[in-house]
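# Architecture and fold: a report
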Amino acid sequence: MSSVFAKVLKAHQWVYENSGGWVGHRALFGNPTLLLRTVGRKTGQARTSALTYGRDGADYLVTASNGGSPRPPGWLANVKANKECEIQIGRRKVPVVARATYPDDSDYDRRFAIVDKVNKGRYRAYQKMTKRPISVVVLTPAGQSR
């Protein structure tokens, strides 16, 4: 990921967090964006990532693309280590349970298409840049069975 783009993403996340969600939900290229709050698997510290998302019924879908990097984003390992996390959509905070899915999941292709459409085809382009399968993470609001 270019350093300019990384700085834009970091600034967007800062505005989203520091405005209490008043600004940021659709500020990044018009894509709907949520804040994913996890706990660092090694540090135990709170971590926040601004991610574009799609909807699949009650579920929120985010993609562990890391811009097509050969390495997945750190937040993916955090949600695998502790599935219970929180998302913020605008000003609303929702406890969720995260589940990473891959191409061997029967719903993966459908879910990937949802998030790729929201992100205007960027995820397909990112998948071509890396050999690792890009995970679609399903974020199910807590209390809803899956």
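The structure this text deals with has already been given above.
Let us look at the structure shown here.

Basis of the calculations
- Residues numbered from 1 in each chain as written.
- Predicted model: local features only at pLDDT ≥ 70, side-chain atom pairs only at ≥ 80, totals over all residues.
- Heavy atoms only, no water.
- Core = buried A, V, L, I, M, F, W, Y, C linked by side-chain atoms within 4.5 Å.
- Buried < 20%, exposed > 50% of the residue type's maximum accessible area, 1.4 Å probe, protein only.
- Helix = DSSP H or I, 4+ residues; strand = E, 2+ residues; numbered from the N terminus.
- Contact = heavy atoms within 4.5 Å.
- Salt bridge = Lys/Arg side-chain N within 4 Å of Asp/Glu carboxyl O.
- Pairing = 2+ DSSP bridges.

## A word on the nonpolar core
Counting 18 residues, the largest nonpolar core has Leu34, Leu36, Trp75, Ile87 and Leu139 as its most contacted members. Secondary-structure elements contributing two or more residues to this core are β1 (33-39), β4 (59-63), α2 (74-81), β5 (84-89), β6 (92-101) and β7 (136-141). Not counting residues up to four positions away in its chain, the partners in contact with Ile87 are Leu34, Leu35, Leu36, Tyr60, Arg92, Lys93, Val94, Val96 and Leu139. In this structure, Leu61, Ile134, Val136 and Val138 belong to the second largest nonpolar core, which totals 9 residues.

## Digging into the pattern of salt bridges
One pass over the full model with this rule turns up 8 salt bridges. Arg110 is paired through a salt bridge with Asp107; the nearest N and O atoms lie 3.7 Å apart. Two residues, Asp107 and Arg111, come together in a salt bridge whose shortest N-O distance is 3.6 Å. Look at the salt bridges and you will find they share partners, linking Asp56, Arg99, Asp105, Asp107, Arg110 and Arg111 into a network.

## Focus on the pairing of β7
Along β7, 6 of the 6 residues are buried, which leaves the element largely enclosed by surrounding structure. Pairing of β4 with β7, which is carried by 4 bridges, proceeds in the antiparallel orientation. By the bridge assignment for β7, Val62 is matched with Val137. Bridge count between β6 and β7: 6 bridges; the pairing is antiparallel.

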